[in-house]
Amino acid sequence: QVQLVESGGGLVQAGGSLRLSCAASGSIFGINIMGWYRQAPGKQRELVATIISGGTTNYADSVKGRFTISRDNAKNMVYLQMNSLKSEDTAVYYCYARRWYSDCWGQGTQVTVSS
């Protein structure tokens, strides 16, 4: 079992910034991909960004240039720096990890961006 705990969400005004953190614990050996997804009310969960152990990143077009994903393998953590936030970014953000063939999810942290 892998446990993922997110933190850093909150309420910000449009144009502001937040930094989300995700700490992985438990059976962490074998995790290769980590990332962030988000889900707005009434919407499907969507990919925000992913990062592999070697540092390769992938971003959704909607956040490219504004968000930066990074990870600290030694600390088993992944981060999402969110700049120039828009109201459309409002959602619950979920930490994601793939360990071997299993998808693991955190409980989510709320990000609310006011206009």
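This write-up is about the structure you can find in this document. All figures in this text were calculated on a predicted structure; none of them were measured in a lab.

1. Quick notes on the overall build of the protein chain
Counting its secondary structure elements, the protein chain contains zero helices and eleven strands. In sequence order, the protein chain lays out its α and β elements as β-β-β-β-β-β-β-β-β-β-β. Since a compact globule built from 115 residues should have a radius of gyration of about 13 Å, the 13 Å found for the protein chain is in line with a globular shape. Out of the 115 residues belonging to the protein chain, those deemed buried represent 38%. Residue pairs at least 24 apart in sequence account for 53% of intrachain contacts in the protein chain once pairs closer than 6 positions are excluded. Carbon and sulfur atoms make up 48% of the accessible area of the protein chain, which amounts to about 6,200 Å² in all. Separation of charge centres in the protein chain, based on 11 positive and 7 negative side chains, amounts to 3 Å.

2. Some remarks on the sheet that holds strand S3 (residues 18-26)
Within the open sheet, the four strands sit side by side as S1-S3-S8-S7. Their pairing is antiparallel. The open sheet is flanked by strand S1 (2-7) and strand S7 (67-72), the only strands paired with a single partner. Averaged over all adjacent pairs, the angle separating strand axes in this sheet is 15°, with direction ignored. Direction of pairing for S7 relative to strand S8 (residues 77-82): antiparallel, over a ladder of six bridges. Bridge pairing in S8 places Ser70 opposite Tyr79.

3. Focus on the nonpolar core
In terms of nonpolar packing, the biggest core is built from 29 residues, with Leu4, Met34, Trp36, Leu80, Met82 and Tyr93 touching the most fellow members. Mapped by element, the contributors of at least two residues to this core are S1, S3, strand S4 (31-39), strand S5 (46-52), S7, S8, strand S9 (91-99) and strand S11 (109-114).

4. Side note on the state of the cysteines
Per the counting criterion, the structure on display carries one disulfide. Each sulfur of the disulfide joining Cys22 and Cys95 lies 2.0 Å from the other. Measuring handedness by torsion sign, the sulfur bridge of Cys22 and Cys95 sits at about -90° and is left-handed. With Cys22 in strand S3 and Cys95 in strand S9, this pair connects stretches of sequence that are 73 residues apart. Cys104 takes part in no disulfide bond, and the closest cysteine sulfur to it belongs to Cys95, at a distance of 9.6 Å.

5. Comments concerning the pattern of salt bridges
Counting across every chain of the model gives five salt bridges. When the shortest N-O distance is used, the salt bridge between Arg38 and Glu46 registers 2.8 Å. You can call Glu46 partly exposed: its relative accessible area is 37%. The salt bridge partner of Asp89 is Arg66, with a shortest N-O separation of 2.8 Å.

6. A word on a nonpolar patch on the surface
Nonpolar side chains collect at one region of the surface, where Phe29, Trp100 and Tyr101 lie side by side and expose about 500 Å² of accessible area between them. Examined against the element boundaries, Trp100 turns out to sit in the loop between S9 and strand S10 (102-105).

Rules behind the numbers
- Residues numbered from 1 in each chain as written.
- Predicted model: local features only at pLDDT ≥ 70, side-chain atom pairs only at ≥ 80, totals over all residues.
- Heavy atoms only, no water.
- Helix = DSSP H or I, 4+ residues; strand = E, 2+ residues; numbered from the N terminus.
- Rg over C-alpha atoms; globule rule 2.2 N^0.38 Å.
- Buried < 20%, exposed > 50% of the residue type's maximum accessible area, 1.4 Å probe, protein only.
- Contact = heavy atoms within 4.5 Å.
- Areas by Shrake-Rupley, 256 points an atom, 1.4 Å probe, with all protein chains shown as cover.
- Lys, Arg positive; Asp, Glu negative; His and termini not counted.
- Charge placed at Lys NZ, Arg CZ, Asp CG, Glu CD.
- Pairing = 2+ DSSP bridges.
- Axes fitted to C-alpha atoms, helices over the stretch in contact; angles between N-to-C directions.
- Core = buried A, V, L, I, M, F, W, Y, C linked by side-chain atoms within 4.5 Å.
- Disulfide = S-S within 2.5 Å.
- Salt bridge = Lys/Arg side-chain N within 4 Å of Asp/Glu carboxyl O.
- Patch = residues over 30% accessible without salt bridge, like charges linked within 9 Å, V, L, I, M, F, W, Y side chains within 5 Å.

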